[in-house]
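Close look at the chain arrangement
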Amino acid sequence: MGTLLLGKRILVTGVITDASIAYHAARLAQEEGAEVVLTGYGRLSLVERVADRLPEPAPVIELDVTDARQLAALPDRVREHLDGLDGVVHSIAFGPAAALGGNFLHTDWADVATAVQVSAFSYKALATACLPLMRDGGSLVGIDFDATVAWPSYDWMGVSKAALEATSRYLARHLGGRGIRSNLVAAGPIRTMAAKSIPGFADFEAIWETRSPLPWDLRDPEPAARGVVALLSDWFPRTTGEIVHVDGGVHAMGA
Ligand SMILES: NC(=O)c1ccc[n+]([C@@H]2O[C@H](COP(=O)([O-])OP(=O)(O)OC[C@H]3O[C@@H](n4cnc5c(N)ncnc54)[C@H](O)[C@@H]3O)[C@@H](O)[C@H]2O)c1
């Protein structure tokens with residue numbers, strides 16, 4: 001047991017399997033002394049089964065991050081378990097099949113709008129929903145995939161991640177006065193459920209195999225989750241609007 005997050009109350013979104021980056025962020029947060037509540041989307045019974053495998057079984061609140069009523073109800077639902085929040089993890093992304101996989105020039109606005117709403121605007125929606133619970137400041141953390149360059153197949157998800165990066169900077173600007181930080185972990189590729197729905201994910205795997213200066217394990221979500229826990233902790237007290245790359249160093253290499 002560590003003490004990095006001792007006494008902190010953390011809301012973690014985005015757990016769907018025990019490979020989810022969010023699952024490992026929740027597990028490590030508990031191991032560092034935090035109280036954790038999860039939100040789940042869709043198959044709630046599945047999320048609950050995964051939540052029971054955490055070191056401390058965690059309660060699960062239903063949250064579709066595009067549902068205004070569920071967002072409005074979130075503070076009361078969280079208060080059933082915790083009297084406030086010190087940290088919120090946004091680990092949510094979705095792009096319709098037509099928005100990825102090389103179809104960039106032909107994707108309809110409706111599909112683009114869905115990708116941007118679920119993957120970027122939702123970070124702002126989640127943050128504002130949680131504000132009533134964060135009266136003493138706190139830390140917001142989202143999960144990014146480096147959006148400074150164009151990747152094979154990633155297409156409108158890449159555009160959504162660029163929007164997420166900008167959203168995080170504006171949250172940092174608008175919430176800094178309340179002592180709330182907003183930062184992202186830009187993770188390298190990890191074989192999760194979301195990754196399986198990216199056609200051409202194998203291209204990412206090949207890129208990391210050849211370009212990562214540090215050895216990169218596609219089956220290991222823990223490095224990214226450790227980055228999340230570090231940003232939730234008190235060890236980045238004056239860091240906001242930042243993107244911490246947990247990608248083996250790929251972003252810093254020329255080729
Ligand atoms: N796996 C990777 O290679 C990788 C790399 C960089 C960044 N990321 C990012 O990490 C985050 C987590 O993804 P993951 O790889 O752990 O996959 P995952 O499939 O385990 O998690 C994605 C989560 O998004 C949730 N979600 C989708 N639509 C939602 C909605 N409307 N409301 C609420 N939740 C919704 C799903 O329920 C799921 O829990 C995402 O933002 C993803 O883009 C993943």
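Here, every reference points to the structure presented above.
So, a few notes on the structure that sits alongside this text. Predicted model, so just to flag it, every value in this text is computed and none were measured. Here, residues in each chain are numbered from 1, in the same order as that chain's written sequence. Reporting of local features is limited, given that this is a predicted model, to residues whose pLDDT is at least 70; pairs of side-chain atoms are given and counted only at 80 or more, and all residues count toward the totals for whole chains, interfaces and linings. Excluded from the side-chain calculation are hydrogens and water; included are all heavy atoms of the structure.

Time to look at the packing of aromatic side chains. For this analysis, a ring pair means two rings from Phe, Tyr or Trp (six-membered ring only for Trp) whose centres lie within 6.5 Å, classed as stacked if their planes differ by under 30 degrees, edge-to-face if by over 60, and tilted for the remaining angles. This structure, assessed with the given rule, holds nine aromatic pairs. Taken together, a centroid distance of 5.1 Å and an interplanar angle of 45° make the contact between F145 and W151 tilted. Each member of the pair, F145 as well as W151, is classed as buried. A ring pair is formed by Y154 and F204, whose centres lie 5.7 Å apart and whose planes are at 75°; its orientation type is edge-to-face. Taken together, the positions of Y154 in the loop between strand 5 (138-144) and helix 5 (155-175) and F204 in helix 7 (residues 201-211) put the pair 50 residues apart, joining distant regions of the chain. Throughout, exposure labels follow a simple rule: accessible area from a 1.4 Å probe, protein chains only, divided by the maximum for the residue type, with under 20% read as buried, over 50% as exposed, and the rest as partly exposed. Given the relative accessible area of 1%, F204 is considered buried. An aromatic cluster of three or more residues is present, and its members are F145, W151, Y154, F201, F204 and W208. Numbering of helices and strands runs from the N terminus, with a helix taken as a DSSP run of H or I at least four residues long and a strand as a DSSP run of E at least two residues long.

Surveying the vicinity of the ligand reveals 26 residues, the closest of which are G14, S20, K161, I190 and T192. In protein, a polar contact means a hydrogen-donor-capable atom and an acceptor-capable atom, both N or O and within 3.5 Å, with residues adjacent in sequence counting only if both atoms are side-chain atoms; elsewhere, any N or O pair within 3.5 Å suffices. Within the side chain of S20, one N or O atom sits 2.5 Å away from an oxygen atom of the ligand. At a separation of 3.3 Å, an oxygen atom of the ligand approaches a polar backbone atom of I92. Protein chains shield 93% of the accessible area of the ligand, which is 820 Å² for the free molecule. When residues of the shell around the ligand are traced back to their parent elements, those giving at least two are strand 5 and helix 6 (193-196). Here the element with the most residues in the shell around the ligand is helix 6; it accounts for three residues. Amino acid classes used here: Ala, Val, Leu, Ile, Met, Phe, Trp, Tyr, Cys and Pro are nonpolar; Asp, Glu, Lys and Arg are charged; the rest, including Gly, are polar. Split by residue class, the shell around the ligand holds 18 nonpolar, five polar and three charged. Think of it this way: one heavy atom of a residue within 4 Å of a molecule or strand is enough to make that residue near it. All accessible-area figures derive from a Shrake-Rupley calculation using a 1.4 Å probe, and residue coverage is judged against the displayed protein chains alone.

Shape is all these values report; function is a separate question.
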